[in-house]
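# Reading the structure
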Amino acid sequence: MMNNKPDLEREILEAVPHVRRFAFSLTRDATDADDLVQSAIERVLARGVPDDADLKKWMFRVCRNLWIDGLRAKKVRQDAVPELSEAQPETVSSEQVASASIMFARTKDAIAALPDTYREVLTIIAIGGASYKDAAAQLNIPIGTVMSRLGRARAMIADKVGYHD
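Everything numeric in this text was worked out from a predicted model, so none of it was measured.

Basis of the calculations
Residues numbered from 1 in each chain as written. Predicted model: local features only at pLDDT ≥ 70, side-chain atom pairs only at ≥ 80, totals over all residues. Heavy atoms only, no water. Helix = DSSP H or I, 4+ residues; strand = E, 2+ residues; numbered from the N terminus. Buried < 20%, exposed > 50% of the residue type's maximum accessible area, 1.4 Å probe, protein only. Areas by Shrake-Rupley, 256 points an atom, 1.4 Å probe, with all protein chains shown as cover. Core = buried A, V, L, I, M, F, W, Y, C linked by side-chain atoms within 4.5 Å. Contact = heavy atoms within 4.5 Å. Salt bridge = Lys/Arg side-chain N within 4 Å of Asp/Glu carboxyl O. Phe/Tyr/Trp six-rings, centres within 6.5 Å; stacked < 30°, edge-to-face > 60°.

## Topic: the overall build of the protein chain
Within the protein chain one finds eight helices and zero strands. Listing the helices and strands of the protein chain from first to last along the sequence gives α-α-α-α-α-α-α-α. Looking at the protein chain as a whole, 28% of its 165 residues are labelled buried. Carbon together with sulfur atoms contributes 53% to the accessible area of the protein chain, which is approximately 10700 Å² in total.

This is the structure we're talking about:
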């Protein structure tokens, strides 16, 4: 475990912007992303980091695991009270959106509609700037699976947005 507290705190501060972008891509809400990052930081400070782990990658993993735990808890609560899960507002009128932002909105919606496994890979590589190798390590999956999921995610987005080469 990483025991040098000043070094750990400095590394956490350096990793926070990257982890926050990742958390936002998972939650799709700034407040929820901030809460998720805070929980990840608390977890890392309380439990430390394994000696053989890169702190940023470890924080991505902790963040992802906390998010999955939250989804599971949310599902349990929704199953217990079905009426709460039926309220789903939020539609954007095309009259309110300028033509330059239509493609952005379609792309954003297509990314949001991706299955979680594809969105995670796309987010880590396209938004987080990680290499395929780093993404594979962060998600604990083979690099071939990363490449496959990224390719499928891009194809699904292209189909939804209507962009084809």
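## Regarding unusual backbone geometry
At R28, a residue that is not glycine, the phi angle is positive and equals roughly 60°. For R28, the location among the structural elements is in the loop between α1 (5-27) and α2 (30-47). Despite not being glycine, N140 has its phi angle at roughly 60°, a positive value. With respect to the element layout, N140 can be found in the loop between α7 (132-139) and α8 (143-161).

## Focus: the nonpolar core
Counting residues in hydrophobic clusters, the biggest one holds 39 residues, and the most contacted among them are L36, V44, L55, M59, C63 and V146. At the level of secondary structure, the elements contributing two or more residues to this core comprise α1, α2, α3 (55-80), α6 (116-127), α7 and α8. It is α3 that provides the largest number of residues to this core, a total of eight residues. Not counting residues within four places of it along the chain, the set of residues in contact with V146 comprises V121, I125, Y132, A135, A136 and I141.

## Some words on the environment of L66
In this structure, L66 sits in helix α3. The class of L66 is buried, set by a relative accessible area of 15%. Here the alpha-carbon distance between L66 and V37, two residues 29 residues apart in the chain, equals 9.4 Å.

## Observations regarding the pattern of salt bridges
For the structure on display, the rule yields seven salt bridges. Note that R10 and E14 form a salt bridge whose closest N and O atoms lie 3.3 Å from each other. Here R10 and its partner E14 are both found in helix α1, four residues apart, which amounts to about one turn of the helix. Its relative accessible area of 42% is what places R10 among the partly exposed residues. Among the charged side chains, a network of salt bridges with common partners joins D7, R10 and E14.

## What about the packing of aromatic side chains?
Within this structure, the stated rule accounts for one aromatic pair. Here F22 and F60 contribute two aromatic rings whose centre-to-centre distance is 4.9 Å and whose plane-to-plane angle is 70°, an arrangement assigned as edge-to-face. With F22 in helix α1 and F60 in helix α3, this residue pair connects regions lying 38 residues apart in the sequence. F60 matches F22 in its accessibility class, with the two residues each being buried.

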